[in-house]
Each structure stands twice: as structure tokens, then as C-alpha cells.
Amino acid sequence: MTTRPEPAVIAAGGVFLPAEVCHPLWLVLGGHIAARRAEGGQVRPEIAAALVALRAAGLAHLTRPTGNGHAERTSADIEASSTRGLVTTEELSGRLGVTGRHTRRLAAAEGIQPAARGLWHPDDAEHLARARRKAA
């Protein structure tokens, strides 16, 4: 028997969402925010913090370990449409002017992990590009 997720609860001081809806919401909102930033717009700090929380909750849900030590879900469980907007290692390497291997090393040095094998979140890609420009 499957249980239905509880609906979002709006309480004084916040909104609480079931973990399984955080990743899809983050994908949509993150794409919107990235487009806004690309057009020169700014995002209020509390909205950026909320997106970080959504992303963390979504990723935690997708990678929650089971009793055997393996993740309960994997990137194979994520629908193909959810990879829209992600940056490939090849694209990111081109932006940084380095090889794919070096791109992964730079990301690791910044504490950034890929969204899936060979795919990076646009925010992380932009962060790496900014860090690379500052280092140069």
C-alpha cells in the first residue's frame, strides 16, 4: 500500500513541503532564476536561500541511503525532462578552457558535485566560471 504525501503546510514563518516535491520545484524555479540572472536581474537573498534549501532537500531525497548502503533512488529514476537546463561536462570545460578531467578537479576543489554523471547544475557551472575568472 502506498501512502500519499501530505500536502504542503503553510504555517506562520514558513512553508513545509514533502521531500519528493523539492527536486522538481527546484528545477523549475532554478531555471527561472538562472534566466533572470542571465538577463542581468538580481535575486533577493532570502529567495536564493530558499532555492538552496529546496535543492538540498531534493538531492537528499534522491540519494537517501537504504539498508544495503546504496541510494534509494538514482539519477536513472529521474525523468529525462528533469535534466533540461543542466550543463554537460563538455560545455563546462569549454567555458573554463580546460579538459573534462580538470573541470572535475576544479569542481571538487570548490566543493561542487555533478548533478548526474557528466551533468552540472547551471548555478554551479556559473560559480566555477566566476572562480576561474577571479583566479586568472
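Scroll up a little and you will see the structure.
What counts, and at which threshold
- Residues numbered from 1 in each chain as written.
- Predicted model: local features only at pLDDT ≥ 70, side-chain atom pairs only at ≥ 80, totals over all residues.
- Heavy atoms only, no water.
- Helix = DSSP H or I, 4+ residues; strand = E, 2+ residues; numbered from the N terminus.
- Buried < 20%, exposed > 50% of the residue type's maximum accessible area, 1.4 Å probe, protein only.
- Contact = heavy atoms within 4.5 Å.
- Areas by Shrake-Rupley, 256 points an atom, 1.4 Å probe, with all protein chains shown as cover.
- Salt bridge = Lys/Arg side-chain N within 4 Å of Asp/Glu carboxyl O.
- Expected span 1.5 Å × (residues − 1).
- Arc of directions from axis to C-beta.
- Axes fitted to C-alpha atoms, helices over the stretch in contact; angles between N-to-C directions.
- Parallel < 35°, antiparallel > 145°, perpendicular 65-115°, else oblique.
- Left-handed = near helix turned anticlockwise from the far one by under 90°.
- Core = buried A, V, L, I, M, F, W, Y, C linked by side-chain atoms within 4.5 Å.
- Patch = residues over 30% accessible without salt bridge, like charges linked within 9 Å, V, L, I, M, F, W, Y side chains within 5 Å.
- Lys, Arg positive; Asp, Glu negative; His and termini not counted.
- Charge placed at Lys NZ, Arg CZ, Asp CG, Glu CD.

## Topic: the overall build of the chain
1) Next: Helix and strand counts for the chain come out as five helices and four strands.
2) Next: Along the chain, helices and strands appear, N-terminal first, in the series β-β-α-α-β-α-α-β-α.
3) Next: The proportion of buried residues among the 136 residues of the chain is 24%.
4) Next: Long-range contacts, defined as pairs at least 24 residues apart, comprise 48% of the intrachain contacts of the chain with a sequence gap of at least 6.
5) Next: Per element, the accessible surface of the chain, about 9600 Å² overall, is 56% carbon and sulfur.

## Quick word on the pattern of salt bridges
1) Next: Enumeration according to the criterion identifies four salt bridges in this entry.
2) Next: Between Glu126 and Arg130 there is a salt bridge whose closest N-O contact spans 4.0 Å. Placement of both Glu126 and Arg130 in helix α5 (residues 122-135) is noted, with a separation of four residues, approximately one turn of the helix.
3) Next: For Glu126, a relative accessible area of 32% gives the class partly exposed.

## Structural notes on α5
1) Next: Compared with the 20 Å implied by 1.5 Å per residue over 14 residues, the 20 Å span of α5 between its first and last C-alpha is a close match.
2) Next: Every buried residue belonging to α5 is among Asp124, Ala125, Leu128 and Ala129, and all of these are buried. The buried residues of α5 occupy one face: seen down the axis, they fall within an arc of 140°. Exposed side chains of α5 directed beyond 90 degrees from the buried face belong to Arg133 and Lys134.

## Side note on the packing of helix α3 (residues 89-96) against α5
1) Next: Two elements in contact, α3 and α5, have axes separated by 10 Å at closest approach and are oriented at 20°. Taken together, α3 and α5 sit at an angle that is classed as roughly parallel. Both α3 and α5 take part in a crossing whose hand is right-handed. In contact with Leu92, Arg95 and Leu96 of α3, α5 contributes Ala125, Glu126, Leu128, Ala129 and Arg132.

## Some thoughts on the nonpolar core
As a rule of thumb, nonpolar side chains are buried together in soluble globular proteins.
1) Next: Residues Val87, Leu92, Leu96, Val98, Ala107, Ile112, Trp120, Ala125, Leu128 and Ala129 constitute the largest nonpolar core, which totals 10 residues.
2) Next: Elements that contribute at least two residues to this core include exactly α3 and α5.
3) Next: Per element, the largest residue contribution to this core is three residues, and it comes from α5.
4) Next: Leaving out residues up to four positions away in the same chain, Trp120 has contacts with Leu86, Val87, Thr88, Thr89, Leu92, Arg104, Ala107, Ile112, Gln113, Pro114 and Ala115.

## With respect to a positive patch on the surface
1) Next: A cluster of like positive charges, contributed by Arg101, Arg104, Arg105 and Arg117, occupies part of the molecular surface.
2) Next: By the element assignment, Arg105 lies in helix α4 (residues 100-109).

## So, the environment of Ala19
1) Next: As for its position among the elements, Ala19 is in helix α1 (residues 19-38).
2) Next: Sequence separation of Ala19 and Leu54 is 35 residues, and the distance between their C-alpha atoms is 8.7 Å.

Read these as spatial facts, not as claims about activity.
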